[in-house]
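Chain by chain, the residues run as shown.
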Amino acid sequence: MLEIIREYWLLLLIGEYPHGKLGGLAMTLIISFASLIVTFPCSVLIALARTGKPGILKSIASGFVHSVRAIPLLMLIFWAYFAVPMIIGFPIDATFTLIVAIVIYQAAYLGEIIAAGIEGLPKGQREAAAALGLGYIPTTFKVILPQAIFNVIPGIVNQLTTIIKESSLGSIIAVSELSYVMLQVNSNEVTKPLQIFGILAAVYFILCFTLSQFTNWLERRISSRRTGQVVVEAVA
């Protein structure tokens, strides 16, 4: 394993950059963070529609969530990679395709997480805002969403862990992320698949374990803050 790391460490970190495409671990992290950043506002809109009054928007959001969660991400990637170019008449970059597929897929899951955070707030929050004369938009964006998003921060970070693992599916459409680079290394070192994929597993484990520990720390901080607020309110 150490010989492979010494020989290919730069390829694993940044791919063929600067003499070729950026890849490896750097591309995996870029894809993951870009996907989460784009997913977040989409998820907020889905959550607001899901928790709103019954109507066409709620029906569309519910249909989207249930439809996306009923299909595997791999199938969504294939559809985006093969079907969309046929529809629009020109090819799409594989990295862009992967990010779009992950955003669509994760928006359904993260939207449900944020929706649960909204529904978990006391009903009195909206009633108090209404008593102060606040309309729907100020109440939603100044009272409800800040509290709901704060409460589900651990869930958002946990979804980043999931996205990092899902980004490995990009190797199927030749996205130069970490898994694809390791497949190239395996093609060069034909007799060492156990060591090569052992390194790959170790890198993903370190990334995901670190994020999971960070999530646990966030949960403890949020829980202690809630407890402190309850104590202060009880004393008051």
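Quick caveat: nothing in here was measured; it's all calculated off a predicted structure. (Residues numbered from 1 in each chain as written. Predicted model: local features only at pLDDT ≥ 70, side-chain atom pairs only at ≥ 80, totals over all residues. Heavy atoms only, no water.)

Trainee: Honestly, the pattern of salt bridges in this entry has me stumped. Any pointers?
Mentor: When charged atoms on two side chains of opposite charge get close, those side chains can pair. Throughout the structure, instances matching the rule amount to three salt bridges. One salt bridge connects Arg69 with Glu112, and the closest N-O pair in it is separated by 3.7 Å. Placement of the pair is Arg69 in the loop between helix H3 (56-68) and helix H4 (73-88) and Glu112 in helix H5 (residues 94-119), with a sequence separation of 43 residues. Overall, the relative accessible area of 21% leaves Glu112 in the partly exposed class. Among the ionic pairs, Glu189 bridges to Lys192, the shortest N-O distance being 3.9 Å. Relative accessible area serves as the criterion here: at 17%, Glu189 is assigned to the buried category. For Lys192, a relative accessible area of 23% puts it in the partly exposed group. Each of Arg50, Arg69 and Glu112 takes part in one network of salt bridges that share partners. (Salt bridge = Lys/Arg side-chain N within 4 Å of Asp/Glu carboxyl O. Helix = DSSP H or I, 4+ residues; strand = E, 2+ residues; numbered from the N terminus. Buried < 20%, exposed > 50% of the residue type's maximum accessible area, 1.4 Å probe, protein only.)

Trainee: What is the right way to read H5 from this model?
Mentor: The terminal C-alpha atoms of H5, which comprises 26 residues, lie 37 Å apart, in line with the 38 Å expected from a rise of 1.5 Å per residue. Measuring from the backbone nitrogen of Thr95 back to the side-chain oxygen at the start of H5 gives 3.0 Å, which picks out Asp93 as the cap. (Expected span 1.5 Å × (residues − 1). Polar contact = N/O pair within 3.5 Å; in protein donor to acceptor, adjacent residues only side chain to side chain.)

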